[in-house]
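Reading the structure
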Amino acid sequence: MACPVNSITYNGSLCACAPGYVMDRVANTCTLFAANSAITAVSGVDYYTLSLPATFFAFDSIKKFTQSQAVFLEATFVMLLSWLLLCLFLRFMSLGDGRNVWFEIRWWISRLDICFATRHWLDDQKVVTKRKTELGGTFSIASWILFIGLFAALLYQTISKRSIEVHNVRATNGPELNSFVNDMEFNITTVSSMSCANLRDLGNLVAGNPGFIDQRVVSLSTFANYSCHNSSKGPTITLKCKNCKFINDNMYISWHFVDLPNNPATAVGFEFNLSATDNAKKHMSFVSGTLKNGSAFDDRPVTFRGRQSDILKFNLFPRIYRNLHDLKLIQPLFHEFLPGSVSHDTNQLQASLENSIDGLVNTTLYINFLSDYVVEIDKESIMGPVTFLADLGGLYCICLGIFFYLLIQCEYRIKKFRNEDSVMRTIRNRRKAQDHWDKLRKYVMYTYGCRTIDDNYNNSKKEPGCGGLMLHSVHGSRSSRKRSMQRRTGSINLYKKPSLPANETLSCKPLGSANDSNLHSENMAKQQNVGSGKDFPQSQPQESSIIDDNFIPPPPSLECKGGSEMDMSDIQKNLKNLYEYNAMLREKLLAAQSLLQSSSSRHSSQVKSDET
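This text gives an overview of the structure that appears in the document.

Conventions used here
Residues numbered from 1 in each chain as written. Predicted model: local features only at pLDDT ≥ 70, side-chain atom pairs only at ≥ 80, totals over all residues. Heavy atoms only, no water. Salt bridge = Lys/Arg side-chain N within 4 Å of Asp/Glu carboxyl O. Helix = DSSP H or I, 4+ residues; strand = E, 2+ residues; numbered from the N terminus. Core = buried A, V, L, I, M, F, W, Y, C linked by side-chain atoms within 4.5 Å. Buried < 20%, exposed > 50% of the residue type's maximum accessible area, 1.4 Å probe, protein only. Contact = heavy atoms within 4.5 Å. Disulfide = S-S within 2.5 Å. Lys, Arg positive; Asp, Glu negative; His and termini not counted. Polar contact = N/O pair within 3.5 Å; in protein donor to acceptor, adjacent residues only side chain to side chain.

Some details on the pattern of salt bridges
When the charged atoms of two side chains with opposite charge come close together, those side chains can pair. Within this structure, the stated rule accounts for 13 salt bridges. Close ionic contact of arginine 431 with glutamate 104 constitutes a salt bridge, the shortest N to O distance being 2.5 Å. Pair noted here: arginine 431 is in helix H8 (residues 420-448) and glutamate 104 is in helix H3 (residues 101-111), with a separation of 327 residues, a long-range link. For aspartate 326, the salt bridge goes to arginine 322, with nearest N and O atoms at 3.1 Å.

Here it is as structure tokens:
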């Protein structure tokens with residue numbers, strides 16, 4: 001069968017992947033191991049029991065986005081810029097007569113002037129009055145937006161960096177090291193196409209320094225439980241130690257993989273994960289990473305194969321967390337990777353595959369327990385309540401100072417801003433006066449039926465006709481109106497006796513009596529007799545004055561102003577003129593009535609004398 005792509009042949013017909021490539025048994029292809037050599041270490045303060053899978057939610061991206069002061073500062077800048085642009089847009093909107101929505105918005109913005117109400121432009125030798133302007137409201141809210149944003153950033157800084165972590169390194173002894181009892185787990189994965197069937201010689205632990213007097217070889221089972229299982233990336237060696245006690249300084253654990261038929265012993269990298277957990281399983285510290293070559297300056301793909309061992313060095317550092325109730329936790333740290341026999345090019349790998357002596361991959365796990373020193377970790381607060389209040393007051397003064405300076409500059413350079421509060425108050429007062437006049441007008445109209453007021457208000461272009469103003473009740477029938485008028489006249493007693501001679505008597509009767517028509521015909525006949533030359537010399541001047549057209553003056557002209565220019569003084573003046581004109585008409589009417597009655601009485605007495 002033909003070899004897959006990115007592979008080489010050895011021993012005539014056998015196939016193997018090129019350096020840096022690993023065989024995918026499912027797809028039967030050679031793929032490049034392109035993972036970066038990355039090491040990740042976490043301190044022992046993470047809650048082990050609350051860890052969630054990374055694929056459940058994107059916690060890392062959310063955490064990275066929220067845990068930054070730049071988020072608060074950017075949000076503050078966006079809100080501040082939006083507010084200033086909105087107020088600038090409203091400045092170009094017309095105020096009108098104070099009834100449009102733009103005036104209402106700008107008026108309420110001026111009412112928001114809570115920081116600079118009395119700190120506006122004032123002329124010399126004037127009493128300081130509380131002025132609320134639209135510009136002051138804009139800058140007041142802008143200062144509060146900036147202050148709240150900076151306060152949120154300060155609060156975040158206080159919560160996240162309110163204390164510093166202090167590390168104290170001191171010498172330790174054997175009894176104190178025995179108190180460090182943790183659960184340890186080591187996972188070493190050899191990235192290759194091999195399986196656990198290639199594994200050999202795993203089961204011994206070398207303690208001390210090899211070649212020296214303190215070297216000891218013990219069974220690995222006395223230290224930890226070990227196993228091997230196949231993963232998608234290759235065989236994984238797992239070492240689990242419960243309630244581990246580290247006394248020796250150095251420990252070496254070695255194993256190797258050998259060639260099998262059609263499955264040579266090759267590897268392209270290593271993945272490791274070392275973790276330590278306290279007995280309560282509340283805190284965990286670990287270190288994990290990926291290794292694919294032995295030099296940080298050479299990133300060429302390589303294949304590990306040969307007699308020299310690949311050494312992975314780790315340090316175990318004892319730590320005491322004083323801020324977590326004296327928690328004792330061992331921190332694993334990656335120290336160094338020493339590659340063994342490697343192949344960089346195709347010819348070198350092909351020669352190694354054809355040599356049976358190189359048919360193995362040696363791996364050594366080197367663990368160094370730093371038993372000479374112990375690290376004590378504690379947290380000290382760097383910000384107290386006085387410091388926080390001082391920073392808060394400083395932010396408040398800075399925000400007010402910035403916008404107060406802008407306010408002074410705007411009012412100093414633009415004179416229109418100096419009296420904008422009086423302009424808006426004038427428009428608002430005029431609108432309120434107009435609303436009050438409308439209420440009074442509607443009350444008069446619906447109470448007395450004065451529709452002329454409503455017509456004159458709606459049709460302001462026409463000349464107001466107030467001369468024909470007639471007040472009458474719109475409720476009830478004509479008979480009810482007559483009865484109410486009779487009761488009103490009876491109670492007020494509008495009729496007064498005129499100044500007449502002492503020998504004449506006057507009888508007061510309403511104008512609407514039953515003999516009005518007869519009296520009117522008699523008066524007309526009397527006037528004809530007078531005009532024909534009969535003697536009644538005393539009545540001629542009076543009768544001539546009655547029929548004189550210029551005897552009764554025209555009604556007074558009323559002053560009617562349109563819009564909001566009409567006030568109560570004008571109404572009182574018009575009512576006074578109407579009252580005086582009605583009083584004059586009443587006197588004329590009473591005088592004419594008394595003259596007619598005297599004429600009719602003389603006429604009746606003359607008729608009786610002629611009959612006799």
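Having seen it, we continue.
Side note on the nonpolar core
Membership of the largest hydrophobic core comes to 41 residues, with the highest contact counts inside it found for Ile253, Trp255, Phe272, Leu312 and Leu365. Of all the secondary-structure elements, those providing two or more residues to this core are strand E7 (182-191), strand E12 (235-244), strand E13 (250-258), strand E14 (269-277), strand E15 (283-291), strand E17 (306-321), strand E18 (327-338) and strand E20 (360-369). Each residue touching isoleucine 253, except ones within four places of it in the same chain, is listed here: Leu202, Asn204, Leu205, Leu220, Leu239, Thr363, Thr364 and Leu365. Trp83, Ile109, Phe403 and Phe417 belong to the second largest nonpolar core, which has 22 residues in total.

A look at the state of the cysteines
Defined simply, a disulfide is a covalent bond joining two cysteines at their sulfur atoms. Per the counting criterion, the structure on display carries 4 disulfides. Cysteine 196 shares a disulfide with cysteine 228; S-S distance 2.1 Å. Across the S-S bond linking cysteine 196 and cysteine 228, the dihedral sits near -90°, which makes this disulfide left-handed. Of this pair, cysteine 196 sits in the loop between E7 and strand E8 (199-200) while cysteine 228 sits in strand E11 (residues 225-230), and the two are 32 residues apart along the sequence. Each disulfide pairs two cysteine sulfurs, and for cysteine 241 the partner residue is cysteine 244, the sulfurs being separated by 1.5 Å. Cysteine 244 carries the same exposure label as cysteine 241, and that label is buried. Left without a disulfide partner, cysteine 115 is nearest to the cysteine sulfur of cysteine 399, which lies 9.8 Å away.

Quick notes on the side chain of aspartate 113
Positionally, aspartate 113 belongs in the loop between H3 and helix H4 (134-160). With no salt bridge to any partner, buried aspartate 113 finds its closest opposite charge in arginine 111, at an N-O distance of 7.4 Å. Of the polar contacts made by the side chain of aspartate 113, one reaches the backbone nitrogen of threonine 133; its length is 3.4 Å.

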